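Letter by letter, the chains look like this.
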Amino acid sequence: MSRNVGNNTRKSNSTRHRAQPAAAVATGTVAVMPVYPIDQLGSPFGDDSAAPLNLSASELRESAYEILIAAYRSSGTRPLTYTPQSERAADDRGQGHANSTLTHSSSLQRSLTSSAASKVKKALGMKSAKRRTNGDGESAGQGRSRKAATVGELVRVQMRVSEQADSRIRRALLRVAAGQLGRRIESIVLPLELLQQLKSSDFPNQQDYEVWQRRNLKLLEAGLLLHPHIPLDKSDTAARQLQQVIRGALDKPLDTGRNTQSMQILRNAVMPLASRSLNGSSVETCHWADGYPLNLRLYQTLLETCFDINDESVVIDEVDEVIELIKKTWTILGVNQTLHNICFLWVLFHHYVATSQIEDDLLFAANSLIIEVEKDAKAAKDPEYSKILSSTLSSILGWAEKRLVAYHDSFNSDNTESMECVASLAVVAAKVLVEDISNEYHRSKKQRDVASDRIDAYIRSSLRAAFNQRMKKITSSKQPSRNLQTPLPQLAILANDISQLAFSEKAIFSPIFKRWHPHAAGVAVATLHSSYSKELNQFVSSVSELTPDAIQVLTAADKLEKDLVQIAVEDAVDSEDGGKSIIQQMPPYEAEAVMANLVKSWIKTRVDRLKEWVDRNLQQEVWNPRANKERVAPSGVEVLRTVDETLEAFFLLPIPMHSALLPELVAGLDRCLQSYILKAKSGCGTRSSYIPALPALTRCTTGSKFQVFKKKEKSQMSQRRKSHVGTASGDDSYGIPQLCVRMNTLHHIRMQLEVLEKRTTIQLRNNIKSGHVNDEFTNGVGVKKFELSATTCVEGIQQLCEAAAYKIVFHDLSPVMWDSLYVGGDVSTSRIDPFLQEVEQNLEIISSMVHDRVRTRAITDMMRACLDGFLLVLLAGGSSRAFSLQDHVVIEEDYKFLRELFWSNGDGLPLELIDKYSATVRSILPLYRMDSEALIERFKSAALEAYGTASKSRLPLPPTTGHWGPSEPNTLLRVLCYRNDETATKFLKKTYNLPKKL
């Protein structure tokens, strides 16, 4: 090592990211290095600017070197021992260097050899270092005066530390060793000890000393105040005291003598902060440089030593020895193997980017190391590590994706290895971020294939960009001369270019991407197919008739499509679905596209016109039952006639592609009919819109017969009790007759849809020549069908039947059912007969007005509504109703009358249907024959079974589910609530403190 250096060497604090050559460090001169354009990559270990740490890059480097040298003091198994000067004089004469004063520093003095290849490089797939030559043919590394002889010297030169500064650090560490005998380096705060040991006399001048002192104070501030290992307590007096000392030192340098008051104050502030632990117990290890992100920024600075100072794109051959030494700092910096891996990954990757990506070895190494990081991530549980990992991989992923989303601009057949590495980096980073860090991925029931999704996105994005570039190139070129014979239109030229691009993609890039995506080539051609389709569609939309240009474009498009489909099919030979998923993304280019577009425009006009007609005429429709003998709305007849005329006009068009465009026409007409049906049933209500809200639960007053209410109620009933059947005026579009017309109309539409479908099949066969026949259509399969409107018809009829039934029972007949049945407490005087008479009249009207095919449905819904009303009277009839045990005879007899009304001695509904819908009522009626004690016991048993044994102390109030049943707790409770006897009343009072009936 050169000894004639540097007592005059001064390191500029303004030095930043760019390295100085080794010779410059040794001699103190500043050499000009080539400046590489650096991508905008922020450091993942905190902000890259100096503000968050208050330490510049050069200050970080100097501090890292001090930590590195100090770390070797305790790299052995024994604590540091101090050797007096007299005992090491002979060794000093032999070595002439301060290293001989420190025991356990043999690593620093190990001689460098090149006998064995680097294990680190081999593991990362890197080659031995090769020197780049400058323009004069000289090696870029010839700036060194000579090669370092030891690892320590190599590290010093790589970190741009002068021999003078190195010697000063070692002298200070010797003094620390003399005063800290038996203590390991991690048990002291290095900047604090250095501040005490070094004086201004150890520096070339006072300014250098003050700069050095401020740097160590800023390091203490960063490690203990800004980024501590353990978060600070706001009330910590030591933190405030240290902050005051540091602020004061900015104005006036500290007197750091051994027994000075300022040094004692500094030590009293630093040591409590550095000795804190999570549980408050005393610890031997001091934490002053292991808080994030300070520790990783320092460690990153150390790892930069692995790169040739004269050529930052080259990892030195001595990287094994250097990393071995750097790992000695793990205890001080709080670094482990997983953090080392992520830091080294970032340093390798960042150097590759920062050096204009000229050395693929760095990219290959980063790609190898990210695999280890992926393994670490799967086992890691530390949230702080996950945050660091996420930040690092996000930066790598962001950079990689910028190249991959337009990989045709960055890669070609000559650098496919680099492209594969970049893709691998992106895929692994994305998988770790999504699968090992993101909580959303694990909460999702359907886990995605992250690698395949990413590659899919890159292929689509880059090919869209490549397509657009070719499109722009063609459109910006000069138009061909009119004198040229049959010049090719632009879209025809573009089709030829895209075909070449597709075959190139298949040969160069698809084999690489197939590693992660089974249909890489298929996705590529599907993307090109889609992009060209957009341009072709725009061209077609501007053509009003067939022209030579249109024929040329369509011919070129047809050839392009065949090429793309061929590639997709070949790519999907071994796939499970035979490539269907890709082919589905490639809707075919039809040779008749121009005519098809004109027909589509015609279809759209007809469909839009019909839609407007539907909206307009339905506003005027009154649903008059006397409009025609079929009792069908005129608007329904008219909309069907318009649909029929539109289909007939379509088959009269002189085009050869009826079969291809018929589905679009049918779909449009289907949507219009569906719109008509939806509007026809809108506003008619549903079952829930007519059923009244259930009253609050109460208990009976023993012995009450509700005489006062009964008298008042009957007086009101006499005024209100008139048949509501047929009283709706002709303007009432939601009256029962009008609802019947709506049912008939929807049924009529449904029946006519089948006729239209059969007629369309016949017309299709008659209009298609045998050479163009499509079996799918000639077999009638393709004439599909008015599915939306047919399904909506069925749903609409169901809704209308139900709405009419529940409107009659709960709205129109409310005075004779809900307001009268069993009201007043004397069941025998308010029985079901008046209600049944009104129901019978309504049934006669419905039977006479509704179509035969709908009648059974409408009457069945009437029965359901009556049974629901009957049950609601019994179980939720409100405070005006109460039932004694003897009333069961009347109730069961009324239920029998209700059934007989709908059976009508065999002329009504089938008994099986009646039994099906009356099963619930039939199962609940026996409860009214049970005495109150038995009901209470059954209720308790049901409640315990439903809510568990924990409810024995107090039975919970069962919620109202609406699913009535003889074993359902809420049903049993309601029977008790309406039981007019003392036992039931006392039980309800004691158990739930229910109020009395009003």
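Right above here is the structure, for reference.
Here's a quick rundown of the structure. Note that the structure is a prediction, hence the values are computed from the model and not measured. (Residues numbered from 1 in each chain as written. Predicted model: local features only at pLDDT ≥ 70, side-chain atom pairs only at ≥ 80, totals over all residues. Heavy atoms only, no water.)

So, on to the overall build of the protein. A count of helical and extended segments in the protein gives 41 helices and 0 strands. Split into buried and exposed, the 998 residues of the protein put 52% on the buried side. Here the contacts in the protein between residues at least 6 apart in sequence split such that 78% fall between residues at least 24 apart. Entry remark: accessible area of the protein is about 46600 Å², with carbon and sulfur atoms responsible for 50%. (Helix = DSSP H or I, 4+ residues; strand = E, 2+ residues; numbered from the N terminus. Buried < 20%, exposed > 50% of the residue type's maximum accessible area, 1.4 Å probe, protein only. Contact = heavy atoms within 4.5 Å. Areas by Shrake-Rupley, 256 points an atom, 1.4 Å probe, with all protein chains shown as cover.)

Now for the nonpolar core. Ranked by size, the top nonpolar core spans 166 residues in total, and within it L266, W288, L348, L393 and Y532 carry the most contacts. A per-element tally of this core places helix α19 (residues 416-437) first, with 13 residues. Sequence-distant contacts of Y532, defined by excluding residues within four places in its chain, comprise F467, L491, A492, L494, A495, V553, A557, L560 and Y589. Within the second largest apolar cluster, 116 residues are counted, among which are W602, L618, I749 and L756. (Core = buried A, V, L, I, M, F, W, Y, C linked by side-chain atoms within 4.5 Å.)

This next bit is on the pattern of salt bridges. Here the structure, examined in full by the defined rule, presents 33 salt bridges. For K679, the salt bridge goes to D615, with nearest N and O atoms at 3.6 Å. With K679 in helix α29 (residues 658-681) and D615 in helix α27 (residues 593-620), this pair connects stretches of sequence that are 64 residues apart. A residue is classified by how much of its surface remains accessible, and K679, at 38% relative accessible area, is partly exposed. (Salt bridge = Lys/Arg side-chain N within 4 Å of Asp/Glu carboxyl O.)

This part takes up the packing of aromatic side chains. Applying the stated criterion across every chain yields a total of 17 aromatic pairs. Taking the centre distance of 5.3 Å and the plane angle of 45° together, the rings of F203 and W212 count as tilted. Taking the centre distance of 6.0 Å and the plane angle of 80° together, the rings of Y352 and W399 count as edge-to-face. You can see Y352 sitting in helix α15 (residues 337-354) and its partner W399 sitting in helix α17 (residues 383-404), a full 47 residues away along the chain. By relative accessible area, Y352 is classed as buried at 4%. Here the aromatic cluster, defined as three or more aromatic residues joined through ring pairs, consists of W346, F349, Y352 and W399. Stacked on the ring of W818, the Lys or Arg R881 has its end atom at 5.6 Å from the ring centre. (Phe/Tyr/Trp six-rings, centres within 6.5 Å; stacked < 30°, edge-to-face > 60°. Lys NZ or Arg CZ within 6 Å of the ring centre and 35° of its normal.)

Right, let's talk about the side chain of T991 for a bit. For T991, the location among the structural elements is in helix α41 (residues 982-992). In this structure T991 comes out as buried when scored by relative accessible area, which is 12%. At a separation of 2.8 Å, a polar atom in the side chain of T991 contacts the main-chain carbonyl oxygen of F987. In this structure, T991 is in contact with R954 and L955, ignoring residues within four places of it in sequence. (Polar contact = N/O pair within 3.5 Å; in protein donor to acceptor, adjacent residues only side chain to side chain.)

Let us now look at unusual backbone geometry. For the bond running from Y292 to P293, omega is 5°, close enough to zero to count as cis. Note on placement: P293 falls in the loop between α11 (261-274) and α12 (294-303). The backbone of N905 shows a phi angle near 55°, a positive value even though the residue is not glycine. Tracing the backbone through its elements, the reader meets N905 in the loop between α37 (888-903) and α38 (911-924).

We now examine the packing of helix α22 (residues 490-508) against helix α24 (residues 520-541). Running from N to C, α22 and α24 point in directions that differ by 175°, and their axes come no closer than 10 Å. For the element pair α22 / α24, the angle class is roughly antiparallel. Residues L491, A492, L494, A495, I498, L501, A502 and E505 of α22 form the contact with α24, whose participating residues are A524, V525, L528, Y532, E535, L536 and F539. (Axes fitted to C-alpha atoms, helices over the stretch in contact; angles between N-to-C directions. Parallel < 35°, antiparallel > 145°, perpendicular 65-115°, else oblique.)

Burial within helix α40 (residues 969-977) is extensive, with 9 of its 9 residues counted as buried. Buried-residue contacts for α40 involve α36 (852-876), α38, α39 (932-947) and α41.

Geometrically, a packed helix pair is captured by the angle between its two axes and the distance between the axes. Direction vectors running N to C along helix α2 (residues 57-71) and helix α9 (residues 206-226) enclose 80°, while the axes themselves pass 11 Å from each other. Put simply, α2 runs roughly perpendicular to α9. For the pair formed by α2 and α9, the contact residues are E59, E62, S63 and E66 on the first element and W212, R215, N216, K218 and L219 on the second. When the residues that make up the contact of α2 with α9 are grouped by side-chain class, the tally is 2 nonpolar, 2 polar and 5 charged. (Nonpolar A, V, L, I, M, F, W, Y, C, P; charged D, E, K, R; others polar.)

Along the chain, M863 falls in helix α36. Note on M863: relative accessible area 2%, which makes it buried. Along the backbone, M863 and L913 are 50 residues apart, and their C-alpha atoms lie at a distance of 9.9 Å. If we ignore the near neighbours within four places in the chain, the residues touching M863 are F902, L909, L913, I914 and Y917.

Okay, the side chain of Q300 next. When you line up the elements, Q300 lands in helix α12. Take Q300: its relative accessible area is 12%, and that puts it in the buried class. In contact with Q300, not counting residues within four places along its chain, are S43, F45, W346 and V347.

The next thing to look at is α15. Look at α15: 25 Å from first C-alpha to last across 18 residues, which is about the 26 Å you get at 1.5 Å a residue. Counting buried residues in α15 gives 16 out of 18 residues, a clear majority hidden from the surface. S356 sits one or two residues past α15 and shows a positive phi near 60°. (Expected span 1.5 Å × (residues − 1).)

The next point concerns the environment of A406. Counting through the fold element by element, A406 comes out in the loop between α17 and α18 (407-410). A406 sits 56 residues away from S462 along the chain, and the two C-alpha atoms are 4.1 Å apart.

Taken by themselves, the reported measurements are silent on function.
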